Amino acid sequence: MSAGWIAIAVIGVATMLIKATGPVILGGRELPPRVLDVVTLLAPALLAALVATQVFGFGRSLVLDERVLGLSVALVALALRAPVLVVVVVAAAATATFRLIA
Amino acid sequence: MPSSRFRDGARAALPFAVAVGAFGIPFGLLARSAGFGSLGAVVMSATTFAGSAQFAAASILDAGGAVAAAVVAAILLNARYAPIGVSVAPVLGGSLWKRFLLAQLVVDESWAIANRGGRFDRGLLIGAGAVLYVTWVSTTALGALGAQAIGDPTALGLDAAFPALFLALLWSQLRERRGIVAAVLGASIALVLTPFVPLGLPILAASAGCLVGLRRS
């Protein structure tokens, strides 16, 4: 088996198991209130972490580039109560424009 | 599952499918160059279905890195799906196989779209996940078969589309004080750790921000 296929198989099986663990063990059951208190806050914690790393992260370094400007435009759109789709489109368009200028 | 929720999820995912597809094609190209072959590239997208981990693994092998390094990097990048899986578990009922297979449709974007104030909507999750899955696998195939990307996704600003989506969905959750604290903790943990630990671990560690929920409000 080639190196590529070993990687594909191991990563595929591992990822499927990681994704399935919660639903297979706990699927369809309501979580205890104490756990739910914590899990409810997983969304803001992880979403904020994804935003932060996708805006400032470049591999293992932190950088300031056009993405910050694009996301700033997105923030303005959010403050103006723009719908999600508009926010996403203006962020991409602004980032592309700033890159073109830079 | 009310099918209207499924349709709503699919519709909500369409704009992101464009961005996901724009990255699927270069992934297919990279995977072929990394020695996966066209079939291997498609099999990886169909089984792993997690863009950042796939790009990391293929890049490492393409640069001549060890299989073990590629595997460890991909698993670390996907480790966040363990807590994410717990968060969607209450709405993913059904037989063992059904739960196992539906769990595979969970990616950052479908999870974020299905999120309703910390709880999740099954129809939205499956509808969005199905659209993104089909897009990711089919565009990987296009790239692996040699289609040139329509354009450089980065030049089109498409890499900013994902954080903008996550920011918009986060925005709606910042009304409650504990949500704000969890968000600040999550972002801070991720940024502080980024220079010091392998990719993926900062996001996994950031999920600890939700432990603020243990405090009595």
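Reading the values: rules and limits
- Residues numbered from 1 in each chain as written.
- Chains lettered and ligands numbered in written order.
- Predicted model: local features only at pLDDT ≥ 70, side-chain atom pairs only at ≥ 80, totals over all residues.
- Helix = DSSP H or I, 4+ residues; strand = E, 2+ residues; numbered from the N terminus.
- Rg over C-alpha atoms; globule rule 2.2 N^0.38 Å.
- Contact = placed C-beta atoms within 7 Å.
- Buried ≥ 20, exposed ≤ 12 C-beta atoms within 10 Å, placed from the backbone.
- Core = buried A, V, L, I, M, F, W, Y, C linked by C-beta atoms within 7 Å.
- Axes fitted to C-alpha atoms, helices over the stretch in contact; angles between N-to-C directions.
- Left-handed = near helix turned anticlockwise from the far one by under 90°.
- Nonpolar A, V, L, I, M, F, W, Y, C, P; charged D, E, K, R; others polar.
- Expected span 1.5 Å × (residues − 1).
- pLDDT = per-residue confidence, 0-100.
- Parallel < 35°, antiparallel > 145°, perpendicular 65-115°, else oblique.

1. As for the overall build of chain A
- If you tally the helices and strands in chain A, you get 5 helices and 2 strands.
- Taking 13 Å as the expected radius of gyration for a compact globule of 102 residues, we find that chain A reaches 19 Å, considerably beyond that expectation.
- In terms of overall dimensions, chain A has C-alpha extents of about 50 × 50 × 25 Å along its principal axes.
- When contacts within chain A are restricted to residue pairs at least 6 apart in sequence, long-range pairs at least 24 apart make up 37% of them.

2. As for the overall build of chain B
- Secondary structure summary: chain B contains 11 helices and 2 strands in total.
- Over its C-alpha atoms chain B spans a radius of gyration of 18 Å, differing by no more than 12% from the 17 Å that the globule rule assigns to 217 residues.
- On the principal axes, the C-alpha backbone points of chain B span a range of 55 × 45 × 40 Å.
- For chain B, the residues scored as buried account for 59% of the 217 residues in total.
- When contacts within chain B are restricted to residue pairs at least 6 apart in sequence, long-range pairs at least 24 apart make up 71% of them.

3. Some words on the nonpolar core
- In terms of nonpolar packing, the biggest core is built from 115 residues, with A:Ala45, A:Ala49, A:Ala91, B:Ala57, B:Ala164 and B:Leu165 touching the most fellow members.
- With 15 residues, helix α1 (residues 3-33) of chain B is the largest single contributor of residues to this core.

4. Describing the interface of chain A and chain B
- Taken together, the 65 residues of chain A in the interface contact 86 residues of chain B.
- Elements with a contribution of two residues or more to the side of chain A that touches chain B: α1 (3-26), α2 (33-40), α3 (42-56), β2 (61-62), α4 (66-79) and α5 (84-101) of chain A.
- Top contributing element to the side of chain A that touches chain B by residue count: α1(A), with 20 residues.

5. Section: the packing of α4(A) against α5(A)
Residues and elements named next belong to chain A.
- Where α4 meets α5, the axes come as close as 8 Å, and the angle between the chain directions of the two elements is 150°. Taken as a pair, α4 and α5 cross one another with a handedness that is right-handed. Each of Glu66, Arg67, Leu69, Gly70, Leu71, Val73, Ala74, Ala77 and Leu78 in α4 lies in contact with α5, whose residues at this interface are Val86, Val87, Val90, Ala91, Ala92, Ala94, Thr95, Phe98 and Arg99.
- Of the residues in the contact of α4 with α5, the class split is 13 nonpolar, 2 polar and 3 charged.

6. Quick word on α1(A)
- Taking 1.5 Å of rise per residue, 24 residues should cover 34 Å, and α1(A) covers 35 Å from first to last C-alpha, within 8% of that figure.
- For α1(A), the complete set of buried residues consists of A:Gly4, A:Ala7, A:Ile8, A:Ile11, A:Thr15, A:Lys19, A:Ala20, A:Gly22 and A:Pro23.
- Where the residues of α1(A) are buried, they touch α2 (37-47), α3 (51-62), α4 (67-78), α5 (81-88) and α6 (96-103) of chain B.
- Looking one or two residues past α1(A), A:Gly28 carries a phi angle of roughly 80°, positive in sign.

7. Some words on the confidence of the model for chain B
All names here are of chain B.
- This prediction gives chain B a mean pLDDT of 91; 96% of its residues lie at or above 70.
- Within chain B, the element-level pLDDT minimum falls on strand β1 (residues 115-116), averaging 88, and the maximum on helix α8 (residues 122-144), averaging 97.
- Listed scores for the predicted complex are pTM 0.89 and ipTM 0.91.

8. Remarks on the environment of B:Ile25
Residue and element names in this part refer to chain B.
- Its place among the elements puts isoleucine 25 in helix α1.
- When the 23 C-beta atoms within 10 Å are taken as the criterion, isoleucine 25 is described as buried.
- Considered as a pair, isoleucine 25 and glycine 65 are 40 residues apart in the sequence and their alpha carbons are 23 Å apart.

9. A closer look at the packing of α1(A) against α2(B)
- For the pair α1(A) and α2(B), interaxial distance at closest approach is 9 Å and the crossing angle is 10°. By the criterion of interaxial angle, the relationship of α1(A) to α2(B) is roughly parallel. Residues A:Gly4, A:Trp5, A:Ile8, A:Gly12 and A:Met16 of α1(A) pack against B:Gly37, B:Gly40, B:Val43, B:Met44 and B:Thr47 of α2(B).
- A class-by-class count of the residues in the contact of α1(A) with α2(B) yields 5 nonpolar, 5 polar and no charged.

10. A closer look at unusual backbone geometry
- Despite not being glycine, A:Arg81 has its phi angle at roughly 65°, a positive value.
- Along the polypeptide, A:Arg81 turns up in the loop between α4 and α5.
- Even without glycine at this site, B:Phe49 takes up a positive phi of about 45°.
- Following the sequence through the fold, B:Phe49 ends up in the loop between α2 and α3.
- On the basis of neighbour counts, which here come to 24 C-beta atoms within 10 Å, the residue B:Phe49 falls in the buried class.

11. Comments concerning the environment of B:Arg7
- Counting through the fold element by element, B:Arg7 comes out in helix α1.
- Along the sequence, B:Arg7 and B:Arg99 sit 92 residues apart, while their C-alpha atoms lie 20 Å from each other.

12. Remarks on the environment of A:Val35
Residue and element names in this part refer to chain A.
- If you trace the backbone, valine 35 turns up in helix α2.
- With 14 C-beta atoms packed within 10 Å, valine 35 lands in the partly exposed category.
- For the pair valine 35 and valine 63, spaced 28 residues apart in sequence, the C-alpha to C-alpha distance is 36 Å.

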